[in-house]
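Listed below are the residues making up each chain.
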Amino acid sequence: MALSAILRLENVTLKFSQMTAPAVARVTLALAPGDVLGLLGPSGCGKTTLLRIIAGFESPQAGTVEIAGHLVAGNGHWVPPEQRHVGMVFQDYALFPHLSVAENIAFGLRFAKARERRERVAQLLALVRLTGLENRYPHELSGGQQQRVALARALAAQPKLLLLDEPLSNLDVQVRLKLREEVLEILKAKEISGIFVTHDQQEALAIADQVAVMRQGSLEQVGTPEAIYRHPASRFVAEFVSQANFLPARRKGHLWETEIGCFALKNQDSEDGIHPCEDKGDLMIPEEDIILQPAKDGSVVIETRRFLGREYRYCLRTPSGKKLYARTSAAVALPIGMRVRLSVVEQGLRFFPHC
């Protein structure tokens, strides 16, 4: 019988001190076999603590943790980390400086026969593209190469679940982009489920089948990258994930009136969280959904323009003095100081009431 979830958390809670708020508060989550979960949130929100609970480095005070259908924490049960069939890749790599690349990878295979250990190390070196570097030591490797060694070591014991705690944050941008694609390819090819902790919104959206957004120890929203980005469940998720604009708005019939125009909500209605009495709030407008139209009598002025390669990012000043940001194709560059009218792709609008 196929597993419905490789990982299942039910109301997991951990509080380090009675004088502080819980580091993890009543977290309930399920991860399907073979899926990668992006665990996203600001520093201090509880991401790493939750990962350590799953790995077995911390014990929750309430709730249960199941891995591959087996209870590993809660209800009086406790399974130590080395028996959970979980691999972990740390932010600082945590390699043994006195061991070679091959010896670091083989550390998790110390109970295997010598021949099996050599064959497995050779396979892993090929998998992470480090063949030929097996006799080097960590200090002789680049940051990207060290992270590949850490990944190979975590994969050596053939874990059912791989936990990655901001594994790419110490790398430069180009290496980071390349390595995250390689990590994802390996996980998918080996059908290993993974949890990828990050505070980088773009990284989480790019690599994950599901994204879980954490705030102050709790899960704010869990869903596909598209759902998290386009249909945020709260103002916090909208601000943290999409970096969208927020413009004061009030209800005017079936429209929402702002200082730049009146708009309809195409994907949100009273059944989706808007109560009829909530007639004032903020309208979320994604940067890429603002359309700029040059107009001498336009009420909005372009303050700055930044070239981002494939697009421009404009800072706009509204009549009230509020700043808005818009992203457009790099095909046309509008000059700083130009007056413009704004139109909006209404499908991306969301309303958050003042309450």
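As the structure is a prediction and not an experimental result, all values here were calculated from the model. (Residues numbered from 1 in each chain as written. Predicted model: local features only at pLDDT ≥ 70, side-chain atom pairs only at ≥ 80, totals over all residues. Heavy atoms only, no water.)

Participant: Would you explain the pattern of salt bridges in this entry?
Facilitator: When their charged atoms lie close together, side chains carrying opposite charge are able to pair. Applying the stated criterion to the full structure yields 18 salt bridges. The salt bridge partner of Glu-58 is Arg-52, with a shortest N-O separation of 3.4 Å. For Glu-58, a relative accessible area of 21% puts it in the partly exposed group. Three or more residues joined by partner-sharing salt bridges are found here, namely Glu-287, Glu-311, Arg-313 and Arg-327. (Salt bridge = Lys/Arg side-chain N within 4 Å of Asp/Glu carboxyl O. Buried < 20%, exposed > 50% of the residue type's maximum accessible area, 1.4 Å probe, protein only.)

Participant: Even after reading the chapter, I still don't get helix H3 (residues 114-127), so can you show me in this structure?
Facilitator: Between its first and last C-alpha atoms H3 spans 20 Å; for 14 residues at 1.5 Å apiece the expected length is 20 Å, and the two agree. Those residues of H3 that sit buried are Arg-120, Val-121, Leu-124 and Leu-125. The arc that holds every buried residue of H3, seen down its axis, measures 140 degrees, which confines them to one face. Away from its buried face by more than 90 degrees, H3 exposes Arg-115 and Arg-118. Taken together, the buried residues of H3 touch helix H2 (101-106) and helix H4 (143-156). Count one or two residues on from H3 and you reach Arg-129, which has phi positive near 60 degrees. (Helix = DSSP H or I, 4+ residues; strand = E, 2+ residues; numbered from the N terminus. Expected span 1.5 Å × (residues − 1). Arc of directions from axis to C-beta. Contact = heavy atoms within 4.5 Å.)

Participant: Looking at this model, I keep getting lost on the environment of Glu-239. Mind explaining?
Facilitator: Checked against the element boundaries, Glu-239 lands in helix H8 (residues 235-242). Distance from Glu-239 to Met-284, taken between C-alpha atoms, is 8.9 Å for residues 45 residues apart in sequence.

Participant: Quick question: what am I supposed to make of the sheet that holds strand E3 (residues 36-40) here?
Facilitator: Through backbone hydrogen bonds, the strands of a sheet pair up, either in parallel or in antiparallel fashion. Here six strands make up an open sheet; going across it, the order is E7-E8-E9-E3-E10-E11 and the pairing mixed. Each end of this open sheet is capped by a strand with a single partner; those strands are strand E7 (86-89) and strand E11 (218-223). Averaged over all adjacent pairs, the angle separating strand axes in this sheet is 20 degrees, with direction ignored. Along the sheet, H4 makes contact with E7 and strand E8 (161-165), crossing E7 at roughly 170 degrees. Lying on the sheet, H8 is in contact with E3, strand E10 (210-215) and E11; it crosses E10 at an angle near 115 degrees. (Pairing = 2+ DSSP bridges. Axes fitted to C-alpha atoms, helices over the stretch in contact; angles between N-to-C directions.)

Participant: Before we go on, may I ask you to explain the pairing of E11 in this structure?
Facilitator: Moving residue by residue along a regular strand, the side chains alternate between the two faces of the sheet. Sheet topology note: the E10/E11 ladder contains five bridges and is antiparallel. If you follow Val-211 over to E11, its bridge partner there is Gly-223. Taking the residues that link successive antiparallel strands as the turn, the E10-E11 hairpin has two residues, and the phi of Gln-216 there is positive, at about 50 degrees.

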